[in-house]
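Below, each chain spelled out in residue letters.
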Amino acid sequence: MPDDQRLYQVLADHFQFSSFKPGQKEVLSALLAGRQTLAMLPTGAGKSLIYQMMGYLRPGTVVIVTPLLSLMQDQVARLNYMGESAVVALNSTLTGAAKQAVLQQLGHYKFVFISPEMLGQKAVIEAFKRIRLNLLVIDEAHTMVSWGPDFRPDYLSLPTLHQALGRPQLLMLTATATPTMIQELKTAFGATDDWYTYVQSVDRPNIHLHTEQLPDHKAKDQRLLTLVQTLRGPGIIYFSSRKLATTMANWLQTETGRQVVAYHGGLDQVARYRIQQQYMAGDIDVIAATSAFGMGIDKADIRYVIHYHLSSDIPSYLQEIGRAGRDGQPALAVSLYVPGDERLQLHLIDQGIPSSQTIERFATKQGERTGIADVQQRLLTYYLDLAGYSIPQVKAFFGQRRSQRQTDLYQLVQYVQANEHLRAQLMH
Ligand code: ADP
Ligand code: MG
């Protein structure tokens, strides 16, 4: 059977899907051709299906290194639900006896989920060397090199372990990695030219980015009203407060005669589900949302996304505007900005700053003790790199206005995001 036909057959037989999501088939083809592979696909793109498919396409055991116990448990549960019994999670929750039993029968499993710590144990490596490996998967691979809050030192031993296992075929999966991080990951594993890298770009050329600065909130409300009156929907407006999302939805509905409905995490499941269905069906024109809206919404024809408030960070912003124009037709992303708006976000973001423990951990990554300022600098590099800016560009710009007040990492990121003119200056 030709490869292509076989792919669709396994997809239908085991997953009851009739088509692949973008990237899945490309990555599977590279894997079947025997290439070492790194794939960057956004959250929800269906990365798990790729290695699950490999389990059914080839003999041997698929080993999946996963950073979090909860992710591991979730994946095992999903496979069990599909009727797969040859699956196990090898982690610190197993008793010694249970672990022994699993290791003795290792070759019997189609899928083994494992923590990097466990894979590092000698007896475990030896057991894996005795069986036929189908594929070694490193899920959330960016945690190996990221300077971000979820950095995991244990992941650093993976290249050595890969070597110890006799360099089996590798699949590294990530949803967020900057070009620098992708390079670092590949270098860590001694990548050669024949590696396959699939990067689903966050660049969405059909979405037109636009920022408007307004003198005060009254002007902002008026501008929002005009936009909702004139733009052709469906649309989403993002607010960072539930209360404001609700009052603005009512106001906009009264003023424009369009169906504008608030959606936030304070609504019960039933209400949320109903709103989603109505929006999908075209019975609602505009959603006045908090960041709770979006996950799992796959509406192709959203024509605009307006940010009444700034997003909490650049990855969220990219995700939120990325909901527009999935059909490839032109779409608009508008940020309405009143000077001082970033203060609200700063307040909200404070709770999301990584714990001092996390900071300690990655500050000492290279055996050196770095100060908090340095760590922040790295986080900043990380966020800006994601957004396509470089540190020297930002420094050059901020060098001129140092005196104002000490520039906080997050404020800087918000500021860059909110100012189209700054973006323009930074980009060349
Ligand atoms: P990721 O790990 O990339 O965030 P998941 O593997 O958790 O994403 O998959 C997200 C969702 O997409 C799951 O509910 C999965 O069943 C679904 N999915 C994956 N592949 C397909 C496909 N080809 N067609 C339809 N749904 C899919
Ligand atoms: Mg995943």
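Quick caveat, the model's predicted, so the values are computed rather than measured.

J.: Would you mind showing me how to read the overall build of the chain here?
T.: Along the chain, the regular secondary structure elements total 19 helices and 13 strands. Relative to its full complement of 428 residues, the chain shows a buried share of 32%. Within the chain, counting contacts between residues at least 6 apart in sequence, those at least 24 apart form 77% of the total.

J.: I keep staring at the packing of helix H1 (residues 3–15) against helix H3 (residues 47–57) and nothing clicks. Help me out?
T.: The packing of two helices is summarised by the inter-axis angle and the distance between the axes. At a minimum axis separation of 10 Å, H1 and H3 run at an interaxial angle of 100°. Between H1 and H3, the interaxial angle falls into the category roughly perpendicular. Packed against H1, whose contacting residues are Val 10, Leu 11, His 14 and Phe 15, the element H3 presents Leu 49, Met 53, Tyr 56 and Leu 57 at the interface. Classifying every residue of the contact of H1 with H3 gives seven nonpolar, one polar and no charged.

J.: Where do I start with the site of ligand 1 in this structure?
T.: Taken together, 12 residues sit near ligand 1, with Phe 17, Gly 46, Lys 47, Ser 48 and Leu 49 positioned nearest. It is H3 that contributes the most residues to the shell around ligand 1, three residues altogether. When its residues are assigned to classes, the shell around ligand 1 shows five nonpolar, five polar and two charged.

J.: Explain the pairing of strand E11 (residues 286–289) here, please?
T.: Where a strand is regular, its side chains alternate between the two sheet faces. Alternating residues of E11 divide into Val 286 and Ala 288 and Ile 287 and Ala 289, and every residue in both groups is buried. In terms of strand pairing, strand E9 (residues 235–238) meets E11 through four bridges, oriented parallel. Among the inter-strand pairings, Ile 237 is bridged to a residue of E11, identified as Ala 288. As paired strands, strand E10 (residues 260–263) and E11 are joined by four bridges and run parallel to one another. Its bridge partner lying in E11, Val 260 is registered against Val 286. The handedness of the E10 to E11 crossover, carried by helix H12 (residues 269–281), is right-handed.

J.: Quick question: what am I supposed to make of the nonpolar core here?
T.: For soluble globular proteins, the rule of thumb is that nonpolar side chains tend to be buried together. The biggest cluster of nonpolar side chains holds 48 residues, and the ones touching the most others in it are Val 63 and Val 137. With residues up to four places along the chain from it excluded, the contact list for Val 63 reads Val 112, Ile 114, Phe 128, Leu 133, Leu 136 and Val 137. Membership of the second largest hydrophobic core comes to 35 residues, among which are Ile 287, Ala 289, Ile 302 and Val 334.

J.: Looking at this structure, how should I read the confidence of the model for the chain?
T.: Parts of the prediction with low pLDDT should not have their coordinates interpreted in detail. A residue-level look at the chain finds 74% of positions with pLDDT of 70 or above and a mean pLDDT of 79. Confidence, expressed as mean pLDDT per element, reaches its minimum in the chain at helix H15 (residues 356–363) with 41 and its maximum at strand E5 (residues 133–138) with 98. Segment residues 397–411: pLDDT under 50, and 12 contacts once partners within four positions in sequence are set aside and those in other chains are kept. Per the prediction output, this complex has pTM 0.61; the corresponding ipTM is 0.99.

J.: Is there a simple way to think about unusual backbone geometry in this case?
T.: Negative phi values dominate among residues other than glycine, just as trans dominates among peptide bonds. The residue after Gly 233, namely Pro 234, is reached through a cis peptide bond having omega -5°. A positive phi angle, near 60°, is found at Gln 16, a position not held by glycine. Secondary-structure assignment places Gln 16 in the loop between H1 and helix H2 (24–32). Residue Gln 16 is classed as exposed on the basis of its 8 C-beta neighbours within 10 Å. Although it is not a glycine, Arg 167 sits at a positive phi angle of roughly 50°. Residue placement: Arg 167 occurs in the loop between helix H8 (158–164) and strand E6 (170–174).

J.: I keep staring at the sheet that holds strand E4 (residues 111–114) and nothing clicks. Help me out?
T.: Backbone hydrogen bonds hold the strands of a sheet together, and the pairing may be parallel or antiparallel. Judged by pairing direction, the sheet is parallel, and its seven strands sit side by side in the order E3-E4-E2-E5-E6-E1-E7 without closing on themselves. Two strands bound the open sheet, and with one partner strand each, they are strand E3 (87–90) and strand E7 (196–199). For this sheet, the mean inter-axis angle between neighbouring strands, taken without regard to orientation, is 15°. Both E3 and E4 contribute to a ladder of four bridges, which runs parallel. Within the sheet, the bridge partner assigned to Val 88 lies in E4 and is Val 112.

J.: When you look at helix H9 (residues 179–188) in this model, what are you seeing that I'm missing?
T.: Think of an α-helix as turning once every 3.6 residues; residues three or four places apart then point the same way. If you check which residues of H9 are buried, you get Met 181, Ile 182 and Leu 185. Angular distribution of buried residues about the axis of H9 spans 100°; they occupy a single face of the element. Turned more than 90 degrees away from the buried face of H9, the exposed residues are Pro 179, Thr 180 and Thr 187. Buried-residue contacts for H9 involve strand E1 (37–40), E6 and E7. Positive backbone phi, at 60°, marks Gly 190, one or two positions downstream of H9.

J.: How do you make sense of the sheet that holds E10 when you look at a structure like this?
T.: One open sheet accounts for six strands, arranged E8-E13-E12-E9-E11-E10; its pairing is parallel. The sheet terminates laterally at strand E8 (207–213) and E10, the two strands that pair on one side only. Neighbour-to-neighbour, the strand axes of this sheet turn through a mean angle of 20°, independent of strand direction. Its contacts with the sheet put helix H10 (residues 217–230) on E8, E11, strand E12 (304–307) and strand E13 (331–337), and the angle it makes with E13 is roughly 165°.

J.: How do you make sense of helix H4 (residues 69–81) when you look at a structure like this?
T.: Spanning 13 residues, H4 covers 18 Å between terminal C-alpha atoms, matching the ideal 18 Å at 1.5 Å per step. Along H4, the residues that are buried comprise Met 72, Gln 75 and Leu 79. Looking straight down H4, one finds its buried side chains confined to an arc of 65°; they lie on one side. Along H4, exposed side chains directed more than 90 degrees from the buried face belong to Ser 70, Ala 77, Asn 80 and Tyr 81.

J.: Help me understand the pairing of E12 in this model?
T.: Because side chains alternate across E12, one face comprises the buried residues Tyr 304 and Ile 306, and the other comprises Val 305 and His 307, equally buried. By the bridge criterion, four bridges tie E9 to E12 in an arrangement that is parallel. Following the sheet pairing, Ile 237 is matched in E12 by Ile 306. Strand direction decides the pairing type here: E12 and E13, joined by four bridges, are parallel. Bridging across to E13, Ile 306 finds its partner in Val 334.

Conventions used here
Think of each chain on its own: its residues are numbered from 1, step by step along the sequence as written. Here the convention is simple: chains get letters from A, ligands get numbers from 1, in the order in which they are written. Totals for whole chains, interfaces and linings use every residue, but because this is a predicted model, local features are given only for residues with pLDDT of at least 70 and side-chain atom pairs only at 80 or more, for both listing and counting. Counting from the N terminus, the helices are the DSSP runs of H or I reaching at least four residues and the strands are the DSSP runs of E reaching at least two. Using C-beta atoms placed from the backbone, we call a residue buried if 20 or more other C-beta atoms fall within 10 Å of its own, exposed if 12 or fewer do, and partly exposed for counts in between. The contact rule is simple: place each C-beta atom from the backbone, and if two of them lie within 7 Å, those residues are in contact. To get an axis, a line is fitted to the C-alpha atoms, and for a helix only the part in contact is used. The angle between two axes follows their N-to-C directions and goes from 0 to 180 degrees. Roughly parallel refers to an angle under 35 degrees, roughly antiparallel to one over 145, roughly perpendicular to one between 65 and 115, and oblique to any angle outside these ranges. Classes in brief: Ala, Val, Leu, Ile, Met, Phe, Trp, Tyr, Cys and Pro nonpolar; Asp, Glu, Lys and Arg charged; the others, Gly included, polar. Using a C-beta atom placed from the backbone, a residue is scored as near a molecule or strand whenever that atom is within 6 Å of it. Following DSSP output, two strands are said to pair if at least two bridges run between them. When the strands point away from the viewer, a crossover counts as right-handed if the path from the first strand over the helix to the second runs clockwise. Each nonpolar core consists of buried Ala, Val, Leu, Ile, Met, Phe, Trp, Tyr and Cys residues. Their C-beta atoms, within 7 Å, join them into a set. Per-residue confidence from the predictor is given as pLDDT, running between 0 and 100. The arc in question is traced by the directions running from the helix axis to the C-beta atoms. The span one expects for a helix is its residue count, reduced by one, times 1.5 Å.

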